[in-house]
Each structure stands twice: as structure tokens, then as C-alpha cells.
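Coordinate analysis (summary)
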Amino acid sequence: MSNLLSIGSSGLSAAQIALNTVGNNITNVNTTGYSRQTVVQTEAISGTGTRYTTGSGVDVQSVQRAYSSYLTSAMWTANSSMQSASTTNDLATTLNNVLSATSLQSSMDSFYSAFSTLANASGSTSSRQALLGSASSLVTMFNTLGQQLQSQQSQVNSQITSTVNSINSVASNIASLNSQIAQAGSNVPNDLLDQRDNLVQTLSGYLGVSTSTQPDGTISIYATNGQALVSGSTSYALSSGNNAYDSSQTDVFDSTGTDISNKVSGGTLGALLNYRTNTLQPVQNQLGQVAIAMASGVNSQQAQGLDANGNQGSAMFSVPSPAVLASSANKGSATVSASISDVSKLTTSDYVMTYDGSNWNLQTTSGQSVTMTTNPDGSLSADGLTISVSGTPQAGDSYEIQPTRQAASGLGVSMTSANGIAAAALLGATASSSNTGSGAISSVSITDPSNSALTGAATLTFPTASSYQVTDSSGNVISSGSYTAGQTISANGWSVTPSGTPAANDSFSIGLNSNGLNDTSNALTMSGLADSDVLNGGSTSVTDAFSQLTTTVGNAGSQASTNLTTQTSLYNQAVSAQQSVSGVNLDEEAADLVKYQQAYQASAQVISTAQTIFASLITAIQS
């Protein structure tokens, strides 16, 4: 009877544990991260030495989680990719909205059209005022868009900082759970394991991670760059801080202080860093390149014209110089500055210039080497930039050069009076009344607007039909040579190409345009600058460059949206696969509830039977 009582008691206890487990499963059906639990029970071992065995009841070995490390890891990876795609999509959508809300293209069209209006309204003061107003409106549009891009960069910086703080908090909590799990030993704490897995799931949303389970039950967690985030009961905090060159840019550093911004991938943090480097900053640089090309083209053509005051045209726009940022690790006393010398060679890249102890080396921030040439004055040239160095550098000193990043937000209108618009051609040619040949000069082209003698009076003479000479106002010969029909003649920063056939001793006076108030030929030229190929080696116009910018932003938004849809689908599939193993099925639990309830009742009946038999035996003995 005692064996029967023991067997019934073991069954009753096992059924009770099973009922508690099923009840726990049912009540946690909607608990995030909960893994379904099952009771593992085995037949109790009977003693030896008897002729036969009848069994000794049941033993409950453990309560286990329904768990697949492979499916759980796959879910973490999918979550990292989905959160990365979601963050990128949010940022790209905002960027698209910013560009769409700013009618920069319309402002550029209005600005260039204002030159055409002025060209058709000779001497119109109102047309000049309207043109200067259009220039101000265009600059405002560039400034606004540039500032909005800077604002998004600030938002990204803020998100990087908050995400790093969240990563550190979660990693610390995981380390704490590791400690509790290790202390539990062989008594596996399923609730702590679920909590830890749920935290790893949260962590994977912040950045890509990999895990390794240790013999003591703890897990080690590593970022995609190999940086340890958690090892046993210790967490290794990341930090955020200023970029070594640009204090307006927030970077990420590992626990040793090493900048790992270009190595982190996955999750929200990886998306923020990748978006800033590969989308936002290139767009800022492209917009700056468009602003520089527009301003440079107009300023250059202004210098080739005559304003309403009878002076050579001055710049209409002001453009900030390329930003040169010294590394915070520099030891020397060198000062580096840069200027744009050739817009046609200007790229949208940023550069890092490093001193190796004897020479300066230049490469893009993406690591591509760039060839520099040394100029006669000791300055350096590369990609349309002229770079000047003063002071004494030390080996290892470096500087980041951002040629176009600040151009859009820093663009300004430097012209204060509409009379400064150089609508007329700067120089004109007047044939001598004594000429006998058929030679004629319709226009004087400007080849070097900065030539100090450009506006000085000069005379082009043909001593013979096959020779020419140019003299200044004092009669000094400044250029001469043989002449053939259709030949271009240059001097003092200007050039002419006579038509017809000049006769011997024919001459032309070249000087400031005497018809300046009525001539609008330079304004007409400026109206066509929108379609003038000035970028990328003279193959891309200002209009084309801005069109490429809008296409780049549009493509980024479209790709981000498509990727989000794909990654969300993959994540849902990963969750479904993981839940097929670990999730709670209420139908199954209801069936188990009935089964274990019946087992409990049956075991109770076994105990009752044992008690009845025992009572009968006692009664028989007493009688």
C-alpha cells in the first residue's frame, strides 16, 4: 500500500506541476518574448533485488522552454535589418519632403528668365530691380534648403547619441541577467532566459549583433565590427562624441575610444550612420556644387560685361570658401586653406589631406587617392581646388576639406545696386573711318577678366594684309604676328576674330563699350547660363546638376521604401518561424489542461484507493 500511495503522490505532484506550467503558458500567451514551457517527466527508477518490479511512479526532470537558438538568432538578424530599413525610410522620406517643399528649380528658372527680360528691355530700371530681386529670392531658396539639410544632420546627430545611450542601457541589463543566470546553476531560470532574449531582440533593433553562448549559461554579444558589447556579467559601453575634424558631426566610439562610425552596421544606429555618410552629406555636397556653379557662372559673366555706371561688372553673388577642418589630433602648427580655382573640375567629394613627414597626400573620405600638383608659388592643386599651407606640420597631421558642403547655406547676394548688373558687353571694337578693306569685328570676347589692362584702350592694326600688331594707348606694341583670315587675335585678356579681309594699314580701336546703356548682349548671354555646361569637365549644366540631385534624392526614397517592404516581410517570416516553435497555441494548451486535469484526478483516485485498502487492513487486524 505504501508503494501505491507513493506512486499516486508522485503522479499527483507531476500533474500539479504540469497544470501550473500549462496555466502559466495560457496567462502569458500575449507576453512579448515569452517562450512556451513544457514539463519533462520520466518514470521513477524502481529498486532492485525483487523477483519483479511494478514501478515507482514518475519523476519531473525539468520544465523546459520551447526554444530554437537558430530561429531566435535569425529573428534577431531580421529585426536588425528591418529597423535599419525603417530608420532609413523615415529619413529618406523627410529628405524628399524637404526638397519637394522648396521650389528651388522654379526660383532658378525665374532668375535666368529675368536676364532674358532685361536683355529685351534695354535701359529698363524696373527690369534691373526685378532681376536683383530674383537673385535674392534664389539665394533665399538655396539658404533655406541648405539649412534644412543641416537641420536634418543635427537631428541625425541627436538620434545617434540617444541610440548609443539606449544600447548601453540594454547591454548593462543583459550583463545583469547573465550574472543571475550564472548564479542559478543547473536550475535553469526560464523567465530570466526569456527576459534576456527579449533584451537581445531590443538590442538587435539598435545595431547588428552576434551572440555566443558560454558553458555557464551566459551569452557574449558582439557588434558587427567585432566590438564586444557584453561578456558574462560585464558590459562594454559605447560612446558618442565629436568627429575628429568636424565638431558638428557626432561619431560613435568603442569602449577604448576608437572611432567605429564607419564599421557599425545594422539596426537604427547603423542606418543613421550609413544615411548620413552615403545619402545626406552627398546631397549637401551636390546642392553646394549647384550653388557654386550658378554663382560662379554669373560672377564670371558679370566680369565680362559693363554695368550701368560704365564700369567692369563686379560679382553678384558671394560664396563661402571651402571648409578646411584640422584634426583634433594634430601636433604641428600648420594652417591650411583652400579655394576653388576651376569649377569644371570640382567634384562632390570631401577630402582628407595628410602629411607624412615630407609630403602631403590627398584622398577622398571614402579612401580613394587623389593626385595633387605643386604650383610655382608652392600651393597645391587637385580637383579644381587650390590648397595653401603655411606654418610647420608634423608627420601624421591631417585636415579634412569640404569644398561644397556649406555653399548652399552660405550663398549670398553681394550686389547692392541694380546698376551693378553688367548687361552690356564690356569691350567694343570701332573700325577706323579710313579703313579700305572688308574686315569687321562684331564683338570682343573676354578671356581673362582679371587682367589689369583689360579695359585699357588698345589699337589693332594690320600693317600688311598678312600681319597684325596691337598697341596700347601709349603706342607700345603688346602683341604682333602674322595673320590669316579667320584667325583669333588676343591681348590684355581679350580676343577678337575679324571677319572679311582687312587691308594694309586698316585699324580698329578696342576699348570700353561706348554703347553700354543700350547694349544688353551680356545679359542675353547670362540668360543662357542655366544650360551652359560648366561642371564635370564642361559636360553638365547647372540645370542638369540640380536635376541629377532631385533624381538622387528620389531614388534614395524609392529604394528605402522598397527595402522596408522587403525587410518587414522577411522579419514577419522569421517571427512566424520562431513562434511556431516557441509561441503559445491556446488550442494545444486547452487540450493539455484537460489531459493534466484528468491525470491529477486519476492520481488522486490512486491515493484514495491506497487509503481505503490501508483502512480495510487495519480494521481486519483489529478484529
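Relevant structure appears above.
Everything numeric in this text was worked out from a predicted model, so none of it was measured. The written sequence of each chain sets the order in which its residues are numbered from 1. A pLDDT threshold of at least 70 governs which residues receive local features in this predicted model, and a stricter bar of 80 or more applies before side-chain atom pairs are shown or counted, although totals over entire chains, interfaces and linings include all residues. Water and hydrogen atoms play no part in the side-chain values, which are based on all heavy atoms of the structure.

We now examine the overall build of the protein. Each helix corresponds to a stretch of at least 4 residues labelled H or I by DSSP, and each strand to a stretch of at least 2 residues labelled E; elements are numbered beginning at the N terminus. Summing up its helical and strand segments, the protein has 10 helices and 31 strands in all. Here the globule rule is a power law, 2.2 Å times the number of residues to the power 0.38, and the radius of gyration is based on C-alpha atoms. Taking 25 Å as the expected radius of gyration for a compact globule of 623 residues, we find that the protein reaches 41 Å, considerably beyond that expectation. Its C-alpha atoms put the protein at 165 × 55 × 40 Å along the principal axes. Classification of the 623 residues of the protein by burial places 43% in the buried group. Contacts: residue pairs with any heavy atoms within 4.5 Å of one another. At a minimum sequence separation of 6, the contacts of the protein that also span at least 24 residues come to 70%. On the protein, roughly 28,700 Å² of surface is accessible, and the fraction owed to carbon and sulfur atoms is 47%. The charge count treats Lys and Arg as positive and Asp and Glu as negative. His and the chain ends do not count. By convention, charge coordinates are those of NZ in Lys, CZ in Arg, CG in Asp, or CD in Glu. Charged side chains in the protein number 11 positive and 31 negative. The centres of these two groups are separated by 16 Å. Any residue under 20% of the maximum accessible area for its type is buried, any over 50% is exposed, and the rest in between are partly exposed; the area is computed with a 1.4 Å probe on protein chains only. Where accessible areas are quoted, they stem from the Shrake-Rupley method and a 1.4 Å probe; at the residue level, only the protein chains shown are allowed to cover.

Here a ring pair, both rings aromatic, is described through the centre-centre distance and the interplanar angle of the planes. Stacked, edge-to-face and tilted labels apply to pairs of Phe, Tyr and Trp rings (six-membered ring for Trp) whose centres lie within 6.5 Å, assigned for plane angles under 30 degrees, over 60, and everything in between, in that order. Applying the stated rule across the entire model yields seven aromatic pairs. Ring centres of phenylalanine 111 and phenylalanine 317 lie 5.6 Å apart, and the angle between their planes is 70 degrees; on these two criteria the pair is classed as edge-to-face. With phenylalanine 111 in helix α3 (residues 104-119) and phenylalanine 317 in strand β10 (residues 317-318), the pair connects residues that are 206 residues apart, well separated along the chain. According to the relative accessible area criterion, phenylalanine 111 is buried, its value standing at 0%. With a relative accessible area of 3%, phenylalanine 317 lands in the buried category.

Further remarks concern the environment of glutamine 41. Within the fold, glutamine 41 resides in strand β1 (residues 37-43). Each C-alpha atom, one on glutamine 41 and one on serine 239, is 49 Å from the other, the two residues being 198 residues apart in sequence. Excluding residues that lie within four positions of it along the chain, glutamine 41 makes contacts with Ala14, Val58, Asp59, Val60 and Gln61.

A separate point is the side chain of serine 398. Residue placement: serine 398 occurs in strand β19 (residues 398-402). Setting aside its immediate chain neighbours within four residues, serine 398 contacts Tyr245, Leu325, Ala326, Ser327, Asn330, Val352, Met353 and Thr354.

In this section: the sheet that holds strand β16 (residues 373-374). Two strands qualify as a pair provided DSSP detects at least 2 bridges between them. Here we have four strands laid out as an open sheet, ordered β12-β18-β17-β16, and antiparallel in their pairing. A single partner strand is all that each edge strand has here, and the edge strands are β12 (335-340) and β16. Taken together, the two bridges between β16 and strand β17 (residues 380-382) define a ladder with antiparallel strand orientation. Note that in β17 the partner of threonine 373 across the bridge is serine 381.

Their axes nearest at 11 Å, the elements α3 and helix α9 (residues 542-582) cross at an angle of 175 degrees. As the angle between them shows, α3 and α9 are arranged roughly antiparallel. Taking contact as the criterion, the partners of Leu104, Gln105, Met108 and Tyr112 in α3 are, on α9, Val542, Thr543 and Phe546. Axes, fitted as lines to C-alpha atoms, cover a helix only where it is in contact. Angles between the N-to-C directions of the axes lie from 0 to 180 degrees. For this classification, under 35 degrees means roughly parallel, over 145 means roughly antiparallel, 65 to 115 means roughly perpendicular, and everything else is oblique.

Quick look at the pattern of salt bridges now. Each salt bridge in this description consists of a side-chain nitrogen of Lys or Arg and a carboxyl oxygen of Asp or Glu lying within 4 Å of one another. According to the stated counting rule, one finds five salt bridges in the structure shown. For aspartate 592, the salt bridge identified is with lysine 595, shortest N-O distance 3.7 Å. Within this pair, aspartate 592 and its partner lysine 595 are both found in helix α10 (residues 586-622), separated by three residues, close to a single helical turn. Its relative accessible area of 24% is what places aspartate 592 among the partly exposed residues. Look at lysine 595 and you get partly exposed, because its relative accessible area is 45%. Look at the salt bridges and you will find they share partners, linking Arg65, Asp194 and Asp197 into a network.

Running from N to C, helix α4 (residues 125-184) and helix α5 (residues 190-206) point in directions that differ by 160 degrees, and their axes come no closer than 9 Å. In terms of orientation, α4 lies roughly antiparallel with respect to α5. Where α4 crosses over α5, the handedness of that crossing is left-handed. Residues Thr163, Ser166, Ile167, Val170, Asn173, Ile174, Leu177, Asn178, Gln180 and Ile181 of α4 pack against Leu192, Leu193, Gln195, Arg196, Leu199, Val200, Thr202, Leu203 and Tyr206 of α5. Under the convention adopted here, Pro, Cys and the residues Ala, Val, Leu, Ile, Met, Phe, Trp and Tyr are nonpolar, Asp, Glu, Lys and Arg are charged, and Gly plus all remaining residues are polar. In the contact of α4 with α5, the residues fall into 11 nonpolar, seven polar and one charged. For a crossing to be left-handed, the near helix must be turned anticlockwise from the far one by less than a right angle; the clockwise case is right-handed.

This next bit is on a nonpolar patch on the surface. What makes a patch is a set of residues exposed beyond 30% relative accessible area and free of salt bridges, joined within 9 Å when like-charged and within 5 Å when nonpolar (Val, Leu, Ile, Met, Phe, Trp, Tyr). A contiguous nonpolar patch, built from Phe614, Leu617, Ile618 and Ile621 and spanning about 370 Å² of accessible area, is present on the exposed surface. Looking at where leucine 617 falls in the secondary structure, it is placed in helix α10. Since its relative accessible area comes to 37%, leucine 617 is described here as partly exposed.

What follows concerns the nonpolar core. Put simply, buried Ala, Val, Leu, Ile, Met, Phe, Trp, Tyr and Cys residues joined by side-chain atoms within 4.5 Å make one nonpolar core. Formed by 103 residues in total, the largest nonpolar core has its most connected members in Phe111, Phe142, Met294 and Phe317. Element by element, the count of residues in this core is highest for α4, at 18 residues. Not counting residues within four places of it along the chain, the set of residues in contact with phenylalanine 317 comprises Phe111, Ala135, Val139, Met294, Ala295, Val298, Asn299, Leu411, Gly412, Val413 and Ser414. Judged by nonpolar contacts, the second largest core, of 20 residues, contains Leu306, Leu427, Val470 and Phe508.

On to the side chain of glutamate 400. Relative to the assigned elements, glutamate 400 resides in strand β19. No salt bridge is formed by the buried glutamate 400. Its closest oppositely charged neighbour is arginine 405, at 4.8 Å. Any pair of nitrogen or oxygen atoms within 3.5 Å is treated as a polar contact; in protein, a donor-acceptor pairing is required on top of that, and neighbouring residues in sequence qualify only through side-chain atoms on both sides. A distance of 2.9 Å separates polar atoms of two side chains, one belonging to glutamate 400 and the other to glutamine 402. Apart from residues no more than four positions distant in its own chain, glutamate 400 is found in contact with Asn243, Tyr245, Ala323, Val324, Leu325, Tyr351, Val352 and Thr365.

This brings us to the sheet that holds strand β3 (residues 209-213). Taking strand neighbours across the sheet as the criterion, the four strands line up as β3-β4-β5-β6 in an open arrangement whose pairing is antiparallel. The outermost strands of the open sheet, each flanked by one partner alone, are β3 and β6 (234-235). Taken together, the two bridges between strand β4 (residues 219-223) and strand β5 (residues 228-231) define a ladder with antiparallel strand orientation. When the sheet's bridge partners are listed, isoleucine 221 is paired in β5 with valine 230.

A word on the pairing of strand β18 (residues 385-390). The sheet contact formed by β12 and β18 spans six bridges and is antiparallel. Considered in β18, the bridge of serine 339 is made with threonine 386. Relative to β18, β17 is paired through three bridges, and the arrangement is antiparallel. Paired with alanine 382 across the strands is leucine 385, a residue of β18. Hairpin connection of β17 to β18: two residues between the antiparallel strands, including aspartate 383 at a positive phi of 50 degrees.

What follows covers unusual backbone geometry. We note that asparagine 492 has phi near 50 degrees; this positive angle belongs to a residue other than glycine. In this structure, asparagine 536 is a non-glycine residue whose phi angle is positive, near 50 degrees. Tracing the backbone shows asparagine 536 in the loop between β30 (533-535) and β31 (540-541). Residue asparagine 536 is classed as partly exposed on the basis of its relative accessible area, which comes to 41%.

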